[in-house]
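Structural overview for review
What follows is each chain in one-letter form.
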Amino acid sequence: MASRSADSRNQVGSGSSSPTIDAVSLAIIEQLQEDGRRPYAAIGKAVGLSEAAVRQRVQKLLDQGVMQIVAVTDPLTVGLRRQAMVGITVEGDVDPVAEALTAMAECEYVVMTAGSFDLMVEIVCEDDDHLLEVINKRIRTLPGVRSTESFVYLKLKKQTYMWGTR
């Protein structure tokens, strides 16, 4: 399991003010990033709190949307053999396009960007036909989408969820 920073809607950087996180809470997050199933008693021993205090802090961090505890899979092992990053250029307001993309199950990551693309979207699909259907029939047909550029993943060399407390 991995802990990942996110607001209450599972989106990073929504523009809302973020809660203040103290050093002990950061240490708890680090413990959970190493092992999302680590017992609260073990975390408490590592950070100098009781098991009950750790339980309360973890619940507060979850309730505030500071982190989430999820199981992270290797897409290949669960039948999702094609991944791609898609750069999208939008005419007009980017928000409606971004919202439509976040509603698509295949879109695992949606971020507004500055530069060559207005949006970057990571897509995870079963195969090439599925990827083509998502890009050609669902993304390119969204109102406001001017163009797309696809970057198909050939091999994943690194994926980490350890950025949360740097």
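Structure first, text after, so check above.
Residues numbered from 1 in each chain as written. Predicted model: local features only at pLDDT ≥ 70, side-chain atom pairs only at ≥ 80, totals over all residues. Heavy atoms only, no water.

1. Points about the packing of helix H1 (residues 23–34) against helix H2 (residues 40–47)
Which entries qualify depends on this criterion: Axis definition: a line fitted to C-alpha atoms, limited for helices to the stretch in contact. Angles are taken between N-to-C directions and run from 0 to 180 degrees. Helix and strand assignments follow DSSP, with helices taken as H or I runs no shorter than four residues and strands as E runs no shorter than two, numbered in order from the N terminus. Note on angle classes: values under 35 degrees are labelled roughly parallel, values over 145 roughly antiparallel, values of 65 to 115 roughly perpendicular, and the remainder oblique. Throughout, a crossing is termed right-handed when the near helix is turned clockwise from the far one, and left-handed when it is turned anticlockwise from it by less than a right angle. Note on definitions: a residue-residue contact is assigned when non-hydrogen atoms from the two residues lie within 4.5 Å. Ten residues, namely Ala, Val, Leu, Ile, Met, Phe, Trp, Tyr, Cys and Pro, are considered nonpolar, four, namely Asp, Glu, Lys and Arg, are considered charged, and the remaining ones, Gly among them, are considered polar.
The geometry of H1 relative to H2 is characterised by a closest axis approach of 10 Å and an angle of 130° between their N-to-C directions. Judged on the interaxial angle alone, H2 and H1 are oblique. You can see that H1 and H2 cross each other, and the crossing is right-handed. Contact residues: H1 offers Val24, Ala27, Ile28, Gln31 and Leu32, while H2 offers Ile43, Ala46 and Val47. Looking at side-chain class alone, the contact of H1 with H2 contains seven nonpolar, one polar and no charged residues.

2. Regarding the pattern of salt bridges
Just so we agree on the cut-off: The rule for a salt bridge is simple: a side-chain nitrogen of Lys or Arg has to be within 4 Å of a carboxyl oxygen of Asp or Glu. Relative accessibility decides the category of a residue: with a 1.4 Å probe and only protein chains considered, values under 20% of the type maximum give buried, values over 50% give exposed, and everything between is partly exposed.
Scanning the entire structure with this criterion turns up six salt bridges. Across the pair Asp22 and Arg57 runs a salt bridge whose closest N-O atoms are separated by 2.9 Å. A residue pair is termed long-range when its members are at least 10 positions apart, and Asp22 in the loop between strand E1 (2–5) and H1 and Arg57 in helix H3 (residues 51–63) qualify at 35 residues. Since its relative accessible area comes to 26%, Arg57 is described here as partly exposed. Within the structure, one salt-bridge network assembled from shared partners comprises Glu106, Glu133 and Arg138.

3. Comments concerning the side chain of Thr148
In this structure, Thr148 sits in strand E6 (residues 145–152). Ignoring any residue separated from it by four or fewer positions in sequence, one finds Thr148 in contact with Val86, Gly87, Ile88, Ile135, Ile139 and Arg140.

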